[in-house]
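Structural overview for review
Listed here are the chains, written in short residue letters.
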Amino acid sequence: MAEAHQAVAFSFAITHEGFDINYDQEVLNLVWNSGIRSWKKRLARANNGVRNGVYPAHIQSLWVITAIALGLHFAGLHVPFNLVNRLLINFPSNTINWQILACFLASLFVWLSICFTMRYTLKLLLMYKGWMYESRAPGSKVSLRTKLWAGAVKLFSSWNKPGLYSFQGSLPRLPIPSVHDTMTRYLRSVRPLLDDEKYQKMERLASEFEHTIGKKLQWYLILKSWWSTNYVSDWWEEYVYLRGRSPLMINSNFYGTDAIFMNLTQNQAARAANVIYLLLCFRRSIERQEMQPILIQGMIPLCSWQYERTFNTVRVPGLETDRIVHYRDSNHVVVLHKGCYYKVPIYHKGRLLRPCEMQVQIEEILNSTAMPMPGEKYLAALTAWDRSKWAETRNTYFIRGPNRVSLNTIETAAFVVSLDETPYEFDLQRPELLDNFGRTLLHGNGCNRWFDKSFTVCVGTNGRVGFNAEHTWADAPVMGHTWEYIFADDIDGYDENGNTKGTPEFQPPSPVHLSWALEPCLDRIEEATLAANKLINDIDLRILVHNQYGKGFMKKCRLSPDAYIQMALQLAYYRDAGRFSLTYEASMTRLFREGRTETVRPCTIESAAWVKAMDDTTKTIAERVTLLKEACDRHQLGYQDAMCGNGIDRHLFCLYVVSKYLEVDSPFLNEVLSEPWRLSTSQTPHGQTPKMDLKKHPQCISSGGGFGPVADDGYGVSYIIAGEDLIFFHISAKKSCETTDAHRFADNICRALADIRAMFELHMKQNPIVSKKTVTNGSSSNTDSTKSK
């Protein structure tokens, strides 16, 4: 109860002698400083709201226009449309004060007209997507239309320096493809997966859907697109994530690793403190909108909506559906160490604690002799449990008393930090070490990650870090951007002894061990722990470090590196499974407001033809190269369509949701939505922030991150093109499936990449003139310049 007594700011008692008031000045100072900080944030939000509302115009331009209006009026000239005189007619008198007010109101009207004209003109410009389909390779021609468009976008964007959310009002809405176009694309995508009989059946179902119920469902979807900001995102979040009842661990959450070639310090407390501080600085840059939005080619903005919920966010379990709760502010983080949870204040005396002061707090936790309370050590296993069971437990045992207070402390924290008791090791000669690193971040021991929080920072005993992130609130590029920000500033954060730089100005507030009363639900915690261990024991993860070659060679082949790797994955899967499979590759739709992801289907007619040719001895090298280029071109077109709002799967998904609302059964949609994604892939983006100079600090590159398999009999593959000669693959599979093996699939990827390289090298030897031209003009395609964003 000591913590409860310390939380009382003042008390009073009524006696015969009058009022007796006692108060704690330190706590009142905390309340005062918290209020000041809150009002500062409100004022900053209000200022940013006005700034973003008039973008691309500038607030100062209002005063310029007002000065011009005053000058014109008092010089006896008419303001445009005679606005000042028209306003003065309705005023009580014609004195100087009323004339000044009339001039200001007229200026405000003119200024707002200009602002909104500029804003909607920019919105119209950003609706143009022709630039996506034009190659930007050296020597290629860009159309006059695109050149004029680019000049206009740069002109409008250069009027004012944008804040994080400045472009939000100018971003276009995600367009809805026609049902016919989606049917055509879908049928083409499944052709290599179906025999003639099954394909004819699917053609019949698609035609029936398009000419009957599809039209009705499309009209409802169009109505939704007129009314909502994005016709996909809210349903995607609700039905794909929040209504899912499976455990978050492995099935939904994803992880990211440290810059494994860089070892800044061996001091666990120092690394944890510096990372916490940098993350809080990143939070402040989001709140104040000091961080600029990501601009493709320096002028085309991506939607920044997902950044709003990076911090102070939790996924709260429900019996039927979960909900995302975002808190406007948080003045603490929660640290988990040796099964104990600590509330760590991050502000003191009106300012954010510095890294050296936070290191004192972390060291106090590491040196603590506190023992976890009964059930506390395995408490986080509840967040790795079935969502309905966790919700029932939460509603029964965590709605009152110390459990409610402590759970609220965790859920309202800026984020959670887990100080692990093992090192995160890496050695190129011992690949199992990196595999263990990935597994530790993906699931830990099942009870040392709070899987409900937006993200948990994990710190090993040797100072290496990583994170485990919940997927509902945002997609991986947002966490990737956050992580890059950390790496960029983390380099210079330590002294020669491995400690954080600087000297504490005062003794920082001590961490507080959270209090629990878990005896009534110990059986639930034990059940959740057993379920978590079962999931962990069934997952296999292999992190492949491919350093034979990278995007440098792929560019010489004049192929998109992403398409190149996707084709290698198709070849590897075909050799692994003996057949083709529906393949998922995530692309982004953040060129539109509140855009999230769309699916690219890398398994195409062209890719299947090339894969078969690779093991067909009757095919020549030239034929195989031609088929591969055709497959990569088709893949690139599919990726461009997905980014421009002309994908397949999100449209079909929304049509399916409408059909369920209308209680209309569609055999076609039922067939489509039941197809398993046995090969689920994603490229980890990097280079999103200009702060991280990889030429100056090449060791800063992360090895990326990964996720669990989507299907029980499939693979989850994440990859990052880390350099000219380096690629990391994160491959996951279920041990219980007899047909999949993560290590075998990694070997097949290596073999596929080696075979493609050998094919191209032989082709270059046989065609030296083409080879010379390829090396001279080689470049990555335009898709990759946007994909990494």
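Note that the structure is a prediction, hence the values are computed from the model and not measured. (Residues numbered from 1 in each chain as written. Predicted model: local features only at pLDDT ≥ 70, side-chain atom pairs only at ≥ 80, totals over all residues. Heavy atoms only, no water.)

A tally of helices and strands in the chain yields 26 helices and 22 strands. Here the chain, with 789 residues, has 56% of them falling under the buried criterion. If you take every contact in the chain between residues at least 6 apart in sequence, the share linking residues at least 24 apart comes to 78%. (Helix = DSSP H or I, 4+ residues; strand = E, 2+ residues; numbered from the N terminus. Buried < 20%, exposed > 50% of the residue type's maximum accessible area, 1.4 Å probe, protein only. Contact = heavy atoms within 4.5 Å.)

This part covers the pairing of strand β21 (residues 715–723). For β21, the tally of buried residues reaches 9 of 9 residues, placing the bulk of the element in the interior. Strand direction decides the pairing type here: strand β19 (residues 679–683) and β21, joined by 5 bridges, are parallel. When the bridges of β21 are listed, L679 appears paired with Y715. Summarising the sheet, β21 and strand β22 (residues 726–734) pair through 7 bridges and their orientation is antiparallel. Along β22, the bridge assignment pairs G716 with S732. The turn linking β21 back onto β22 is made up of 2 residues. (Pairing = 2+ DSSP bridges.)

The next point concerns the pattern of salt bridges. Here the idea is simple: oppositely charged side chains can pair when their charged atoms come close. Using the criterion set out here, one finds 38 salt bridges in the structure. The shortest N-O distance in the salt bridge between E505 and R351 comes to 3.4 Å. Highlighted residues: E505 in the loop between α16 (476–490) and β15 (512–513) and R351 in strand β11 (residues 351–352), separated in sequence by 154 residues. Across the pair D452 and R387 runs a salt bridge whose closest N-O atoms are separated by 2.8 Å. Remark: R387 occurs in helix α13 (residues 387–397) and D452 occurs in the loop between α15 (431–442) and β13 (455–459); sequence separation between them is 65 residues. Judged by relative accessible area, which is 1%, D452 ranks as buried. (Salt bridge = Lys/Arg side-chain N within 4 Å of Asp/Glu carboxyl O.)

On to the packing of aromatic side chains, then. Using the criterion set out here, one finds 32 aromatic pairs in the structure. Between F467 and W483 the ring centres are 5.0 Å apart and the planes differ by 75 degrees, which places this aromatic pair in the edge-to-face class. Taken together, the positions of F467 in strand β14 (residues 465–469) and W483 in helix α16 put the pair 16 residues apart, joining distant regions of the chain. Residue F467 shares its accessibility class with W483, and that shared class is buried. Judged by centre distance (5.3 Å) and plane angle (85 degrees), the rings of Y584 and W677 are edge-to-face. Here Y584, found in strand β17 (residues 583–588), pairs with W677, found in the loop between α23 (667–673) and β19; they are 93 residues apart in sequence, far enough to count as distant. Classification of Y584 by relative accessible area gives buried; the value is 16%. (Phe/Tyr/Trp six-rings, centres within 6.5 Å; stacked < 30°, edge-to-face > 60°.)

The next thing to look at is unusual backbone geometry. The general pattern is negative phi for most residues beyond glycine and trans for most peptide bonds. Phi at Q297 is positive, roughly 55 degrees, even though this residue is not glycine. Within the fold, Q297 resides in the loop between β4 (295–296) and β5 (300–301).

Let us look at the nonpolar core. Core analysis: the largest hydrophobic core is formed by 117 residues, its most contacted members being W149, Y186, F209, Y307, F415, L652 and F668. The element that contributes the greatest number of residues to this core is helix α11 (residues 268–287), accounting for 11 residues. Each residue touching L652, except ones within four places of it in the same chain, is listed here: T182, M183, Y186, F668, L669, V672 and L673. Counting residues in each nonpolar core, the second largest holds 47 residues, with A563, L569, L571 and F729 among its members. (Core = buried A, V, L, I, M, F, W, Y, C linked by side-chain atoms within 4.5 Å.)

What follows deals with a nonpolar patch on the surface. A contiguous nonpolar surface patch, about 280 Å² in accessible area, is contributed by F74, I96 and I100. Note that I96 resides in helix α5 (residues 96–126). (Patch = residues over 30% accessible without salt bridge, like charges linked within 9 Å, V, L, I, M, F, W, Y side chains within 5 Å. Areas by Shrake-Rupley, 256 points an atom, 1.4 Å probe, with all protein chains shown as cover.)

Judged by pairing direction, the sheet is mixed, and its 6 strands sit side by side in the order β16-β22-β21-β19-β17-β18 without closing on themselves. Both edges of this open sheet fall to β16 (539–546) and β18 (597–600), since each of them pairs with a single strand only. Neighbour-to-neighbour, the strand axes of this sheet turn through a mean angle of 25 degrees, independent of strand direction. With respect to the sheet, helix α22 (residues 649–661) is in contact with β17 and β18, its orientation differing from that of β18 by roughly 115 degrees. (Axes fitted to C-alpha atoms, helices over the stretch in contact; angles between N-to-C directions.)

Next up on the list: the UniProt feature "transmembrane region" (unreviewed entry) in the chain. When the UniProt feature table is mapped to this numbering, "transmembrane region" (unreviewed entry) covers residues 61–79 and 99–122. Split by type, residues 61–79 is 74% helix and 0% strand. Its first and last C-alpha atoms lie 17 Å apart. (UniProt positions renumbered as here; feature names shortened; annotations may be inferred.)

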